[in-house]
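Observations on the model geometry
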Amino acid sequence: MVTRRRMIGAALATGGGVLLLRTTVRPAASAASVQDAAAGHTHPATDAPDPGPDAGPALVEKFTTTLPVPPLLSPVSTAGGADTYAVTMLRSFARVLPGHRTEVLTYNGAFPGPVIRARSGRPVIVRQTNLLDDAVSVHLHGSKVPVDSDGGPMNLLNAGATRTYTYPNDQPHASLWFHDHAHHMESEHVYRGLAGTYLLTDATEAALPLPSGRYDLPIALRDARFDASGSLVYRMDDPFNRTTILANGRPWPKAEVAARRYRLRLLNSSNLRFFSLRLADGGPITQIGSDGGLLERPHTTDTIDLSPGERADVVIDFSRYPVGSSVVLTNSLPPGPAEHVGQVMRFDVVRSAADPSSVPDLLRTLPALGAAARERTVVLKVEEGTGGAAPRGLIDGKVYDPARVDAQIAFGTSEIWTVVNANTDVPHNFHLHLVQFRVLERNGKAPGPEESGLKDTVRLLPGESVRLQATFDSYRGRYPYHCHLLDHSAMGMMAQMEIA
């Protein structure tokens, strides 16, 4: 079990920054600039002089902006037993910081990205048009989809082109998200806004009396760095300077809530930052789900830990607070000044409301794990560059090569993977495409209740190991697995499995 003390201890062991490659701060070329340099181009985001620390905190007063609700997409067609959506990727401007216009990369001009609501068993078709200058690849994170719709790192949608992605939704309910996955560019593209929410439901979930409608809120959390003009500043491996905390694309917002239960679908959409979230008064948080949908039983805690890409579905009962009072959602993990990164958003209890919702003692029943056909070990490591070279992200000692198959898997079999963080001062996490897995052990011990459900991303603090089991019985083909600290995957910390 990952305890709050262990998370903070790992942060402090790196000199106050759990997300650094090393404790020293130094400029590093972005993976995007490496790719551009190979093509004879420069990359302004990294070639320009460093503008200094994040100016965002000086440009906004905390808890003055309102938490926005991401826009819900409507299908352009429901014919043929499928819901069809039209999405355009384009540059736009968002009012992130008061009084400033920030250029962002968007799906349909929305920052934060839009929400697609889908149902198990009913396919979704998304026609993606790329009006950006760069090639992209749209990955539906946590989904079970054919290779040509997975959004792999080399399956690119070029500038000006349109591609249809088909999502069969042949899987149970889950709070998923979609984001760019174009290799070497994924880190900067997601940082600048290419991320959205995909909420998949089914009959099992719909039958439960959980909070719903306006009381069911998706909240995407991340950090950012701004200059004095309110523009986003991107540099690879830059966690110390990303000290503006955003919730649904707004800095330290406030949300007006009724004195009743709310379902909050929390997503850590950061490139590098880990969050350890709790209510300022230590009040109870009921976790009901993780990456792959509901847990079997609710888990009451005071802390929710999320690494980049992880999700937690929680219920908070605001009826324990008097109308007119407020409670702050806090974060206890560095790097950055505690007065900035230690606060996330504020809930203002503004009215009474009837509450017919409840959290049942049994949420779902997960299928039993079958016998594993084989076991394998996967080792993650960031290796510092020498002589001014950029650091490298390695899996099993190798940088990602799209022409290489790193793991051959027999279709229809189940495997147990032991994933190891070989760094002693750098955290990682691990994301498998195509499958939801079960965590069997963390550091040789049974996982905590927060990791007892279906997962597609799992955190690995320095020196940690996680044993997981996945079954590969849906689609054949080549799919990636990688660290979901996106700066690390952009450095090459990615590998490829072939299911045949």
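Structural notes, computed from the coordinates. Only a predicted model underlies this, so the values are computations on that prediction, with no experimental measurement involved. (Residues numbered from 1 in each chain as written. Predicted model: local features only at pLDDT ≥ 70, side-chain atom pairs only at ≥ 80, totals over all residues. Heavy atoms only, no water.)

Right, let's get into the sheet that holds strand S31 (residues 494-499). Strand order in the open sheet formed by 5 strands is S23-S31-S30-S25-S28, with mixed pairing between adjacent strands. Edge strands, defined here as strands with exactly one partner in the open sheet, are strand S23 (407-409) and strand S28 (457-460). Looking at each pair of strands side by side, their axes are set apart by 25° on average, direction ignored. Direction of pairing for strand S25 (residues 428-432) relative to S28: antiparallel, over a ladder of 4 bridges. By the bridge assignment for S28, histidine 428 is matched with leucine 460. (Pairing = 2+ DSSP bridges. Helix = DSSP H or I, 4+ residues; strand = E, 2+ residues; numbered from the N terminus. Axes fitted to C-alpha atoms, helices over the stretch in contact; angles between N-to-C directions.)

Both strand S12 (residues 254-259) and strand S20 (residues 343-352) contribute to a ladder of 6 bridges, which runs parallel. Looking at the pairing, valine 257 lines up with valine 349 of S20. Pairing between strand S19 (residues 326-331) and S20: 5 bridges, direction antiparallel. The residue bridging serine 326 from the neighbouring strand is aspartate 348, located in S20.

Okay, unusual backbone geometry next. The peptide bond linking phenylalanine 111 to proline 112 adopts the cis configuration, its omega dihedral lying at 5°. Turning to its location among the elements, proline 112 is positioned in the loop between strand S2 (102-107) and strand S3 (115-119). Residue asparagine 108 is not a glycine yet carries a positive backbone phi of 60°. You can see asparagine 108 is positioned in the loop between S2 and S3. The exposure class of asparagine 108 is partly exposed, given its relative accessible area of 34%. We note that aspartate 237 has phi near 55°; this positive angle belongs to a residue other than glycine. Its place among the elements puts aspartate 237 in the loop between strand S9 (216-224) and strand S10 (244-247). Under the relative-accessibility criterion, aspartate 237 is labelled buried at 7%. (Buried < 20%, exposed > 50% of the residue type's maximum accessible area, 1.4 Å probe, protein only.)

Next up on the list: the pattern of salt bridges. Any two side chains of opposite charge can pair, on the condition that their charged atoms come close. Summed over all chains, the structure comprises 34 salt bridges. Here arginine 91 and glutamate 103 are joined by a salt bridge, their closest N and O atoms 2.8 Å apart. Pair noted here: arginine 91 is in strand S1 (residues 83-94) and glutamate 103 is in strand S2, with a separation of 12 residues, a long-range link. Of the charged contacts, one joins arginine 459 and glutamate 451 as a salt bridge, the two residues approaching to 3.9 Å between their closest N and O atoms. Look at arginine 459 and you get buried, because its relative accessible area is 2%. (Salt bridge = Lys/Arg side-chain N within 4 Å of Asp/Glu carboxyl O.)

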